[in-house]
Amino acid sequence: MNSERGALALVGSGEYLTQMQEIESDLLQRGVSKGKSNTYIQIPTGAGQESADRIEFWKERGAEQAKRIGAQCRFLPILSREDAFNEEYISEISNAGLIYFSGGDPGYITEVFKQTPLWEKIRSEFNSGTSLAGCSAGAMAFGSKIVGIRKSHIQSGLGLISNIEVIPHYDKFLGWVPDRIASIALRSDEGAYLIGIDEDTALVLTDQWRVQGRAKVHVLKGLDNSPQTFTSGEEVKLKVEYQ
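Summarised in this report is the structure supplied together with it.

About the criteria used
Residues numbered from 1 in each chain as written. Predicted model: local features only at pLDDT ≥ 70, side-chain atom pairs only at ≥ 80, totals over all residues. Heavy atoms only, no water. Pairing = 2+ DSSP bridges. Helix = DSSP H or I, 4+ residues; strand = E, 2+ residues; numbered from the N terminus. Contact = heavy atoms within 4.5 Å. Axes fitted to C-alpha atoms, helices over the stretch in contact; angles between N-to-C directions. Buried < 20%, exposed > 50% of the residue type's maximum accessible area, 1.4 Å probe, protein only. Core = buried A, V, L, I, M, F, W, Y, C linked by side-chain atoms within 4.5 Å.

1. Observations regarding the sheet that holds strand β1 (residues 8-11)
Inference 1: Taken in spatial order, the eight strands make up an open sheet running β3-β2-β4-β5-β1-β10-β11-β14, and their pairing is mixed. The sheet is open, and its two borders are formed by β3 (72-75) and β14 (235-236), each paired with just one other strand.
Inference 2: In this structure, strand β2 (residues 37-43) lies alongside strand β4 (residues 96-101), joined through five bridges in parallel fashion. By the bridge assignment, Y40 is partnered in β4 with L98.
Inference 3: The strands touched by helix α5 (residues 117-127) are β1, β2, β4 and β5 (131-135); relative to β4, the strand with the most contacts, the crossing angle is about 130°.

2. So, the environment of E64
Inference 1: Inspection of the secondary structure assignment puts E64 in helix α2 (residues 52-68).
Inference 2: E64 sits in the partly exposed class, given a relative accessible area of 45%.
Inference 3: For the pair E64 and T18, spaced 46 residues apart in sequence, the C-alpha separation works out to 9.4 Å.

3. Here we look at the side chain of T39
Inference 1: Tracing the chain through its elements places T39 in strand β2.
Inference 2: Once residues within four sequence positions are removed from consideration, T39 is found in contact with L28, Q72, R74, A96, G97 and L98.

4. Section: the nonpolar core
When a protein is soluble and globular, its nonpolar side chains tend to lie buried together.
Inference 1: Ranked by size, the top nonpolar core spans 52 residues in total, and within it F101, F113, I122 and L238 carry the most contacts.
Inference 2: When neighbours within four sequence positions are excluded, F101 is seen to be in contact with I43, I109, F113, W119, I122, L132, A133, G134, C135, G138 and F142.
Inference 3: Counting residues in hydrophobic clusters, the runner-up holds 22 residues, among them M20, A47, W58 and F75.

Right, here's the structure in full:
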């Protein structure tokens, strides 16, 4: 991993909740340790097609978490593609310790951000030390492909990490739609890792990938010849490919 690059977190669920406080605080402090400010950026784009009340819900929840971890909070209402060209939002991203994409619709995140100045700015900040996290839809959108959980077809992602496909809420979805999970494993691209991340759990890349949180991470495809499961604190030996 590039030593200048920030930490990267793929989160199964639980953004801004107390059970994720330690993980989010650690991500922020890793950014601060690389010279970034004690600033926690919330990006609610995944919920951009939902109601104003729902957007306000995410804003308040994130502000509460930022207060608990002693950070300055900035909520950027990037809800349309036009917003991803807004110079004010691009400026707000500069030098943040943590940039966090919350959940919702991963395809909509890609639609809004792909090939925009704001996404390029986020990548630049990440490459210079800012921690970057995506929860649920956010984690899914960071890959080149978004696997179809609620929708049967595969969608394009942002391609930050080209060889990882994420199933968030894995422990919940496995109980609800086991046949869909099995079909995703069959459809998943050869050469890509297919990773299930349980709720309130994160797969975090610093000097190596490690599991953090209450539950497990499941590498369903791409690691040796059979699925493997990892618990909190364990290293997961993935070879990440950035674009």
